[in-house]
There are 2 protein chains.
Amino acid sequence: MNSKKNRRAEKTGAPPEKRPSRQDRLSPRVLEAVRQEAKSFFRNARGSHDWDHTQRVYELCLRLGRKERADLDVLRLAALLHDIGRDEEDRSNGRTCHAEKGAVLARKILKKNGIDEERTAKIVRCIETHRYRGRIVPDSLEGKILFDADKLDSIGAVGVGRAFLFAGEVGARLHDPGIDVGKTKPYTKEDTAYREFLVKLSRIKARMFTAEGRRIARGRHKFMADFFRRLNRETVGKI
Amino acid sequence: MNSKKNRRAEKTGAPPEKRPSRQDRLSPRVLEAVRQEAKSFFRNARGSHDWDHTQRVYELCLRLGRKERADLDVLRLAALLHDIGRDEEDRSNGRTCHAEKGAVLARKILKKNGIDEERTAKIVRCIETHRYRGRIVPDSLEGKILFDADKLDSIGAVGVGRAFLFAGEVGARLHDPGIDVGKTKPYTKEDTAYREFLVKLSRIKARMFTAEGRRIARGRHKFMADFFRRLNRETVGKI
């Protein structure tokens, strides 16, 4: 038993003294119930912000969380629930904030599933503060990890794919090499992947909170920047 | 005058003896008229097959045509008109062949603009034979160049972007790493960019007809293959 415990501690990277006692640990049954409830919010989701995105963020949260010795159960629930307000933001064309809305919805789900008040508060705070454009910034290790994981999924090859997928969803052009980003607006036909790269994706690397997030972001950023450089050269027929 | 002619011959790469006489050359006025008429077919086009694509293919045709010493005027008109049947193919969900339809439409436009019968036949033949899945294959230098230019625009960084844009247009997922390509269909939600890469884009390099097309395809293919390799690794959280 002890060696199993040790292996587990090694795998999670969490120091034993920090781990919650057995009765406090999240049961697989509750985790699964929350997962199914979260998933139900994505029935009509578009590919750029769908359940696959949540699952990738979940895995990234565990990866960063182990490295940074965070509370993995808080992270698991925060990751599963972080985008459940997205559908409402999309339907309001961006007027509703999905982080604020998601926090309200998450609190109810956590209460229904018997998560204690202290942990609920931590999870809800992570969701409230995970937004790139948000006014409030993450103030806990778990909040910082959720923010980093969510943003890492919008850069690199995944980020390039998501940016073009989103452009396709809103009926945008493939590319506008001579774009004046000051004159175009999100959620319109001018919202090309290249505009998204110039105004947002290229800046994400500098916004990471955790050391492991910064490390992964460097590789993903370089790949993405190389991609758009090449796109510009191909478009004018240089290569 | 002679030196101007020589500079021009050098720029186009066409040997002087092959170039048409002054009265046979395409006038800028006619070229512009055909361009405007062709463009009008793209009013409702989606970003993955829009007028920008035609313009990129036009530039690639000139680039390959100069290198391969082709009839640039035939290429110019064939490039402008090659996808004007696309709208009808899209509206028929793929039942109409855009190459056959485009050839019929192009013949009328060329006649109306006073292009002679011999050149019209060459241009129409290029359009009929430019399709990747077509039963008939290009049988002239200009036809081979149009085919190569059109396919080059679907690989490389441009090809990656177009594949995701198209997936967004049809409401597909971002990625399905464990895809069984035999079980999915084009024009559906399963038509991911990765499926398109596996069944089509990865094979284009081997289908080039011209030496210059092959050379450009090698670089674009490598970049695209690296992209999807990286996408797979990022998706499972390896990088």
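Residues numbered from 1 in each chain as written. Chains lettered and ligands numbered in written order. Predicted model: local features only at pLDDT ≥ 70, side-chain atom pairs only at ≥ 80, totals over all residues. Heavy atoms only, no water.

Remarks on the overall build of chain A
Item 1. Of the regular secondary structure elements, chain A holds 11 helices and zero strands.
Item 2. The linear arrangement of helices and strands in chain A, starting from the amino end, is α-α-α-α-α-α-α-α-α-α-α.
Item 3. Across the 239 residues that make up chain A, the buried fraction comes to 53%.
Item 4. Put simply, of all contacts in chain A between residues at least 6 apart along the chain, 64% involve residues at least 24 apart.
Item 5. Summed over its atoms, the accessible surface of chain A is roughly 11,700 Å², and 47% of this surface lies on carbon and sulfur atoms. (Helix = DSSP H or I, 4+ residues; strand = E, 2+ residues; numbered from the N terminus. Buried < 20%, exposed > 50% of the residue type's maximum accessible area, 1.4 Å probe, protein only. Contact = heavy atoms within 4.5 Å. Areas by Shrake-Rupley, 256 points an atom, 1.4 Å probe, with all protein chains shown as cover.)

Quick notes on the packing of aromatic side chains
Item 1. The final tally for this structure, using the stated rule, is 19 aromatic pairs over all chains.
Item 2. Taking 5.8 Å as the distance between ring centres and 35 degrees as the angle between the ring planes, the aromatic pair formed by F227(A) and F223(B) counts as tilted. With F227(A) in helix α11 (residues 211–235) and F223(B) in helix α11 (residues 211–235), this pair bridges two chains. In this structure, F227(A) and F223(B) share a single accessibility class: buried.
Item 3. Here the aromatic rings of F197(B) and F228(B) are separated by 4.5 Å at their centres, their planes lie at 20 degrees, and the arrangement is stacked. Taken as a pair, F197(B) in helix α10 (residues 193–199) and F228(B) in helix α11 lie far apart in primary sequence, 31 residues in all.
Item 4. With relative accessibility at 1%, the residue F228(B) sits in the buried group.
Item 5. R35(A) extends its terminal NZ or CZ atom over the ring of Y58(A), reaching a point 4.9 Å from the ring centre. (Phe/Tyr/Trp six-rings, centres within 6.5 Å; stacked < 30°, edge-to-face > 60°. Lys NZ or Arg CZ within 6 Å of the ring centre and 35° of its normal.)

A short note on unusual backbone geometry
All names here are of chain A.
Item 1. Phi is positive for R69, which is not a glycine, with a value near 60 degrees.
Item 2. Topologically, R69 is positioned in the loop between α3 (51–68) and α4 (72–81).
Item 3. Residue class for R69 comes out partly exposed when judged on its relative accessible area of 45%.

Some points on the interface of chain B and chain A
For interface size, the figure often reported is the accessible area lost on association.
Item 1. Across the contact, 33 residues belong to chain B and 33 residues belong to chain A.
Item 2. The junction of chain B with chain A conceals about 2,700 Å² of combined surface from both sides, 62% of it contributed by carbon and sulfur atoms.
Item 3. At the boundary of chain B and chain A, one finds three salt bridges.
Item 4. Remark: the boundary between chain B and chain A carries eight residue pairs in polar contact (both at pLDDT 80 or more).
Item 5. When residues of the side of chain B that touches chain A are traced back to their parent elements, those giving at least two are α3 (51–68), α9 (156–169) and α11 of chain B.
Item 6. Sort the elements by how many residues they give to the side of chain B that touches chain A and α9(B) lands first, with 11 residues.
Item 7. Class assignment of the residues belonging to the side of chain B that touches chain A gives a composition of 14 nonpolar, eight polar and 11 charged. (Buried area = accessible area lost by both parts, 1.4 Å probe. Salt bridge = Lys/Arg side-chain N within 4 Å of Asp/Glu carboxyl O. Polar contact = N/O pair within 3.5 Å; in protein donor to acceptor, adjacent residues only side chain to side chain. Nonpolar A, V, L, I, M, F, W, Y, C, P; charged D, E, K, R; others polar.)

Considerations on the relation of the copies chain B and chain A
Item 1. In screw terms, the move from chain B to chain A is a rotation of 180 degrees and a rise of 0.0 Å along the axis, fitting with an RMSD of 0.0 Å. Read as a symmetry element, the transformation amounts to a two-fold axis. Minimal C-alpha distance to the rotation axis in chain B is attained by G168(B), lying at 2.1 Å.
Item 2. Looking at the interface residues of chain B, 100% of them are also at the interface in chain A, so both copies use one shared face. (Least-squares fit on C-alpha atoms with pLDDT ≥ 70 in both.)

What about the confidence of the model for chain A?
Item 1. In this model, chain A carries a mean pLDDT of 88, and residues with pLDDT of at least 70 account for 88%.
Item 2. Contacts from residues 1–14 of chain A, a stretch scored under 50 in pLDDT, to residues over four places away or in other chains number 11 contacts. (pLDDT = per-residue confidence, 0-100.)

Quick notes on empty space enclosed by the protein
Item 1. Scanning all chains against the criterion turns up one cavity of 30 Å³ or more.
Item 2. If you add up the space inside the largest cavity, you get close to 40 Å³.
Item 3. Around the largest cavity, the lining residues are E234(A), T235(A), V236(A), G237(A), R56(B), E59(B), L60(B), D153(B), V158(B) and R220(B).
Item 4. Those elements giving two or more residues to the lining of the largest cavity turn out to be α11 of chain A together with α3 of chain B.
Item 5. Looking at the lining of the largest cavity residue by residue, the classes come out as three nonpolar, two polar and five charged. (1 Å grid on protein atoms, 1.4 Å probe; cavity = no way out; pocket = protein on both sides within 12 Å on 5 of 7 lines; lining within 4 Å. Points joined across faces, edges and corners; volume = space filled by probe spheres on them.)

Considerations on the packing of helix α9 (residues 156–169) of chain A against α9(B)
Item 1. At a closest axis distance of 6 Å, the pairing of α9(A) and α9(B) adopts a crossing angle of 45 degrees. Overall, the two elements α9(A) and α9(B) adopt an arrangement that is oblique. You can see that α9(A) and α9(B) cross each other, and the crossing is right-handed. Two secondary-structure elements touch here, α9(A) through G161(A), F164(A), L165(A), A167(A), G168(A) and E169(A) and α9(B) through G161(B), F164(B), L165(B), A167(B), G168(B) and E169(B).
Item 2. Its residues assigned to classes, the contact of α9(A) with α9(B) shows six nonpolar, four polar and two charged. (Axes fitted to C-alpha atoms, helices over the stretch in contact; angles between N-to-C directions. Parallel < 35°, antiparallel > 145°, perpendicular 65-115°, else oblique. Left-handed = near helix turned anticlockwise from the far one by under 90°.)

Structural notes on helix α6 (residues 98–112) of chain B
All names here are of chain B.
Item 1. Compared with the 21 Å implied by 1.5 Å per residue over 15 residues, the 21 Å span of α6 between its first and last C-alpha is a close match.
Item 2. Next to the buried residues of α6 lie α2 (28–39), α4 (72–81), α5 (86–91) and α7 (117–128).
Item 3. The first or second residue beyond α6 is G114, which carries a positive phi of 75 degrees. (Expected span 1.5 Å × (residues − 1).)

Concerning the environment of T54(B)
Residue and element names in this part refer to chain B.
Item 1. Mapped onto the secondary structure, T54 falls in helix α3.
Item 2. Separated by 25 residues in the primary sequence, T54 and A79 place their C-alpha atoms 6.7 Å from one another.
Item 3. In contact with T54, other than residues within four places in its own chain, are F42, A79, L80, H82 and D83.

So, the pattern of salt bridges
Note on pairing: side chains with opposite charge can pair once their charged atoms come close.
Item 1. Under the defined criterion, the tally for this structure stands at 41 salt bridges over all chains.
Item 2. A salt bridge links R46(A) to E169(A), with the nearest nitrogen and oxygen atoms 3.8 Å apart. With R46(A) in the loop between α2 (28–39) and α3 and E169(A) in helix α9, this residue pair connects regions lying 123 residues apart in the sequence.
Item 3. Across the pair R91(A) and D87(A) runs a salt bridge whose closest N-O atoms are separated by 3.3 Å. One end of the pair, R91(A), and the other, D87(A), are both in helix α5 (residues 86–91), four residues apart, so they sit about a helical turn from each other.
Item 4. You can call R91(A) exposed: its relative accessible area is 62%.
Item 5. Overlapping salt bridges, with partners in common, bring together D52(A), R173(B) and D176(B) in one network.

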